[in-house]
Amino acid sequence: MRNKLSKFFVKFAIFMIVAQTVVGFTLINPIAAKAAELLPGDPGSIIINEIMWPGSSSSTSDEWIELKNMTNQAINFATTPWYLAKDGTIVAIINSGSVPAHGYYIISHYAITNPSTVLNIDPSIDPNMVLASLTLNNSDVQYSLCSEANTTAIPISCHNEIDIADDGNGSPLAGNNGTPKASMERTMSVGQVTDGRLASSWHTSTGKYNLKTGTTDFATPGYMNDFTAPVFSGVEDGKFYNTDVTVTPTDNDSIKTFKLDGSDATIPVTVINEGPHTVVATDQVGNTTTVGFTIDKTNPTINGIVDNQYYNSAVTLNFSDTNLKDATLNGVTANTGDVVSNEGNYVLVVNDKAGNSTTVHFTIDTTAPVITITKNPNADVSKVEYKININFNDAVTSEYSFDNITWKPYTAEIIVSDEGTYTVYARGTDIANNIGQSFAGFMIDKTAPTVTGIEEGKTYYSDVTIQADDNDTVGTITIDGNPIANGAKFGTEGVHVLVITDIAGNSTTVNFKIVKITAPVITSLMLDSDNRTINLKYSANGAVKTTIEFSKDSSFTQIVKTAIQEGSVIGGYVASGLEQGFTYYVRVTGYDGLGKMVSSASPQPSIAIPAPVLVAAVVEDTSVLPIGGPVGETFVSQPKAAPKTDEVTPTPAQEPKGETKGTEDTKAPKSDSKSRDILVIIALLAIAGAAYYGYKKLPESDEITEPKKMKIEEKPEIKIPEKTVVK
């Protein structure tokens, strides 16, 4: 029955192989099955596990084939032989010893005692089969393991094939014939037997087990085929960690050695120190795994920038970390050494490879606070107090000063009332330490302007110069409401009001008068009916004093009469007692309040007094004294007393100080009675002639301007002395 089952499985396996080839399915190897279900003699119950086909570094003949029991039962080859065949030829008949459950059986060219082998198998795992005839090809190394064989037929056929190794085409599917040499080892999935004809079922050995010390070859005779290096949990190669790390190595078989930073370590090990670390785990066959990692618990360093700080100039980024990963400024990649100059808010984030991160917020503010000073009144000069208000925009500190040296905190409105010139300074500092400054000047002027050259209530007789001064600046100057420049001359006659106002609004008012003298004008010059009295009328505009002069010549070198009149502008004068028979020239001179003198126009007017007419009687000469007065007053002539002698001396007219007085008459010479009578007659004739001449020369009545308030006085009488005898 068992044989029938074996034959069935062989046929089924052949069918599955053909079906897999034709249909293209990936099927399980007919000898692949769960180990727990395998029984001795079943396909896959024993597999070819390792083939040392290249030999060893000791000898190329140092070759072996390792079998592995995949069942849970020991298999005794002495009771039931097994066969190892190649190309229909029995290579070895395995008929001695046994293989324990999941144990190994080695068929080798050399015994372990032979110095030409690198095998170092523990004798406790014997029996091993030493077969000197075992020679393994370096190509076409396909071998079959059978539990039955027809040994009577030639060639000997292998029945009930249990396992097949390699595909038999060209170079072996695994192993290394170079340096170092390495065996071809079976690769199996957990709990399954893989198809030995596939390359994926084999690998080149990376382990060393049951080999002599110092051997450079790789093989694991008598031990599991472990080509997988240990793995670590809790840590990865090349990674950075910012916390403590617990490292645990694991392997298919077991860890043989475990080291941390070159020193033996327990499993698991917790690494707490910052810095780079290395853990190395080696399994029983010598597979080694090395993992390097770094513990970094320190955040990156940002230099020169303080979190939440304000800066009033460009900022240079400066950050560092042993394991720096990257940095961003407002989300954009940043590098140390970058210069940030634009105003704004910034967030700098610096990360290291361990996941540590440092973040700083900063602001660049290069704009100084705006400081506004407001004055009330809003003028540079005022005659009232000032109220100063200061606005500090974007400032965290605010100060003011009146000398730019001593500063005080600004808390409320500043009031300045004392007269003087001021400058108020203000400064404010923002959070970025930008300093804003401002200043404003103003003056409190409560003093009215002053004026020189013109005094209140005074009269001026010539142009005046307007000269005003003030503490600040003269604002406006007006005379009678009309503007005039400071320093200008003004000469309009009349009563005037000068108003000077400074820019603060203080004003000074001066009332004054300008009177200017003009050349006197003689409006009327005539003889009275007595032919010896000259009536003079004139106009002397602006004069406060006038002098009237009578001269016998036009050059006024023979002045015979001078009169002074005070305070007359329009006046008149009656000149009497002038010597007869002469032509008299008249000059009127006016004087203003400053003594300025202006004479009447030239040529000077003249008038002739005719010579006296001779008469039978002798009359006594009579002189007339003028009586002067202001305009509108009456000027009269009064007869003088006859002289007691034969000489007649005329009374001089009133003259101004400093002027040369004219002489009215000279003394009459002595004569006898006859001569005297003749002279009297001649005088009377002269008087008559002069009177007639004057009458002819008089203008029409409407051409004569009479002086104001002029009164007609009686004419002086000519008295004949008692002793005069008319012959």
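About the cut-offs
Residues numbered from 1 in each chain as written. Predicted model: local features only at pLDDT ≥ 70, side-chain atom pairs only at ≥ 80, totals over all residues. Heavy atoms only, no water. Helix = DSSP H or I, 4+ residues; strand = E, 2+ residues; numbered from the N terminus. Contact = heavy atoms within 4.5 Å. Areas by Shrake-Rupley, 256 points an atom, 1.4 Å probe, with all protein chains shown as cover. Pairing = 2+ DSSP bridges. Polar contact = N/O pair within 3.5 Å; in protein donor to acceptor, adjacent residues only side chain to side chain. Buried < 20%, exposed > 50% of the residue type's maximum accessible area, 1.4 Å probe, protein only. pLDDT = per-residue confidence, 0-100. Phe/Tyr/Trp six-rings, centres within 6.5 Å; stacked < 30°, edge-to-face > 60°. Core = buried A, V, L, I, M, F, W, Y, C linked by side-chain atoms within 4.5 Å. Salt bridge = Lys/Arg side-chain N within 4 Å of Asp/Glu carboxyl O.

1. Describing the overall build of the protein
Next, step 1: In terms of regular secondary structure, the protein is built from two helices and 56 strands.
Next, step 2: Summarising the internal contacts of the protein: among those between residues at least 6 apart in sequence, 59% fall at separations of at least 24.
Next, step 3: About 37200 Å² of surface is accessible on the protein, with carbon and sulfur atoms providing 52% of the total.

2. What about unusual backbone geometry?
A negative phi angle is the norm for most residues apart from glycine, just as the trans form is the norm for most peptide bonds.
Next, step 1: With an omega of -5°, the peptide bond between T179 and P180 qualifies as cis.
Next, step 2: Along the chain, P180 turns up in the loop between strand 10 (157-165) and strand 11 (184-186).
Next, step 3: Note the cis peptide between I267 and P268, where omega equals -5°.
Next, step 4: Among the structural elements, P268 can be located in the loop between strand 17 (263-264) and strand 18 (269-271).
Next, step 5: Positive phi values are uncommon outside glycine, yet N308 reaches one of about 65°.
Next, step 6: Along the chain, the position of N308 falls in the loop between strand 21 (301-302) and strand 22 (309-311).
Next, step 7: Although it is not a glycine, D480 adopts a positive phi angle of roughly 55°.
Next, step 8: Here D480 is to be found in the loop between strand 42 (474-479) and strand 43 (482-483).

3. Digging into the sheet that holds strand 17
Next, step 1: Pairing is mixed across the open sheet formed by five strands, whose spatial order is 14-20-19-16-17. Where the open sheet ends on each side, the last strands, each with one partner, are strand 14 (240-241) and strand 17.
Next, step 2: Pairing geometry for strand 14 and strand 20 (residues 288-295), over two bridges, is parallel. Pairing of Y241 across the sheet is with I295, part of strand 20.

4. So, the sheet that holds strand 8 (residues 129-130)
Next, step 1: Taken together, six strands build an open sheet; the order of strands is 8-7-2-1-11-12 and the sheet is mixed. The open sheet is flanked by strand 8 and strand 12 (202-204), the only strands paired with a single partner.

5. Things to note about the side chain of N49
Next, step 1: The residue N49 is located in strand 1 (residues 46-51) in this model.
Next, step 2: A distance of 2.6 Å separates a polar atom in the side chain of N49 from a polar atom in the side chain of N225.

6. Observations regarding the side chain of H277
Next, step 1: Among the structural elements, H277 can be located in strand 19 (residues 275-283).
Next, step 2: By relative accessible area, which is 8% here, H277 ends up buried.
Next, step 3: At 2.8 Å, the side chain of H277 forms a polar contact with the side chain of D261.
Next, step 4: Discounting chain neighbours no more than four positions away, the residues touching H277 are L260, D261, V271, V291, G292, F293 and I295.

7. Looking at the confidence of the model for the protein
Next, step 1: Predicted confidence across the protein gives a mean pLDDT of 80, with 77% of residues reaching 70 or more.
Next, step 2: Under a pLDDT of 50 for its full length, residues 1-36 has, in the predicted model, 38 contacts with residues more than four places off or in other chains.
Next, step 3: Low pLDDT, under 50, characterises residues 693-727; the predicted model gives this stretch 46 contacts beyond four residues in sequence or across chains.

8. Thoughts on the packing of aromatic side chains
Next, step 1: Following the criterion strictly, the structure yields 18 aromatic pairs and no others.
Next, step 2: Taking 4.5 Å as the distance between ring centres and 45° as the angle between the ring planes, the aromatic pair formed by Y386 and F442 counts as tilted. One end of the pair, Y386, is in strand 32 (residues 386-393); the other, F442, is in strand 37 (residues 435-444), and 56 residues separate them in sequence. Both residues of the pair, Y386 and F442, count as buried.
Next, step 3: A centroid spacing of 6.5 Å and a plane angle of 65° characterise the contact between F582 and Y584, whose relative ring orientation is edge-to-face.
Next, step 4: Taking the relative accessible area as the measure of exposure, F582 reaches 30% and is therefore partly exposed.
Next, step 5: Members of the aromatic cluster, joined through ring pairs, are Y386, F392, Y400, F402, Y410, Y422 and F442.

9. Observations concerning the nonpolar core
Next, step 1: Core analysis: the biggest nonpolar cluster contains 27 residues, and I48, L67, I94 and I107 have the highest contact counts within it.
Next, step 2: At the level of elements, strand 1, strand 2 (64-69), strand 4 (82-86), strand 5 (89-94), strand 7 (104-108), strand 9 (143-150) and strand 10 are the ones that each hand at least two residues to this core.
Next, step 3: Per element, the largest residue contribution to this core is three residues, and it comes from strand 1.
Next, step 4: Apart from residues no more than four positions distant in its own chain, L67 is found in contact with I46, I47, I48, N49, I94, G103, Y104, Y105, I107 and L145.
Next, step 5: Of all hydrophobic cores here, the second largest spans 20 residues; its members include I534, L536, A540 and L578.

10. Here's the deal with the pairing of strand 9
Next, step 1: Relative to strand 9, strand 4 runs antiparallel, the two being bridged by three bridges. Paired with Y83 across the bridge in strand 9 is C146.
Next, step 2: Bridge count for strand 9 against strand 10 is seven bridges, and the pairing is antiparallel. Bridge assignment links C146 to a residue of strand 10, and that residue is E161.

11. Concerning the environment of T452
Next, step 1: Along the polypeptide, T452 turns up in strand 38 (residues 450-452).
Next, step 2: For the pair formed by T452 and T465, sequence separation is 13 residues and the distance between their alpha carbons is 8.5 Å.
Next, step 3: In this structure, T452 is in contact with T465 and Q467, ignoring residues within four places of it in sequence.

12. Digging into the pattern of salt bridges
Next, step 1: Applying the stated criterion across every chain yields a total of 13 salt bridges.
Next, step 2: We note a salt bridge from K297 to D244, for which the minimum N-O separation is 2.6 Å. With K297 in the loop between strand 20 and strand 21 and D244 in the loop between strand 14 and strand 15 (245-250), this pair connects stretches of sequence that are 53 residues apart.
Next, step 3: The salt bridge partner of K458 is E455, with a shortest N-O separation of 3.6 Å.
Next, step 4: According to the relative accessible area criterion, K458 is partly exposed, its value standing at 38%.
Next, step 5: On the accessibility criterion, E455 (46% relative accessible area) is partly exposed.

13. A word on the pairing of strand 5
Next, step 1: The sheet contact formed by strand 4 and strand 5 spans five bridges and is antiparallel. Among the inter-strand pairings, K86 is bridged to a residue of strand 5, identified as T89.
Next, step 2: Connecting strand 4 to the next strand, strand 5, in antiparallel fashion are two residues, including D87 with a positive phi near 55°.

14. Re the environment of L173
Next, step 1: Structurally, L173 is set in the loop between strand 10 and strand 11.
Next, step 2: Along the primary structure L173 and H203 are separated by 30 residues, whereas in three dimensions their C-alpha atoms are 7.7 Å apart.
Next, step 3: In this structure, L173 is in contact with D166, D167, M184, G196, R197, L198, A199 and W202, ignoring residues within four places of it in sequence.

15. What to know about the environment of V280
Next, step 1: Relative to the helices and strands, V280 is located in strand 19.
Next, step 2: Take V280: its relative accessible area is 24%, and that puts it in the partly exposed class.
Next, step 3: A sequence separation of 22 residues divides V280 from F258, and the C-alpha atoms of the two residues are 5.6 Å apart.
Next, step 4: With residues up to four places along the chain from it excluded, the contact list for V280 reads F232, T257, F258, K259, T288, T289 and T290.

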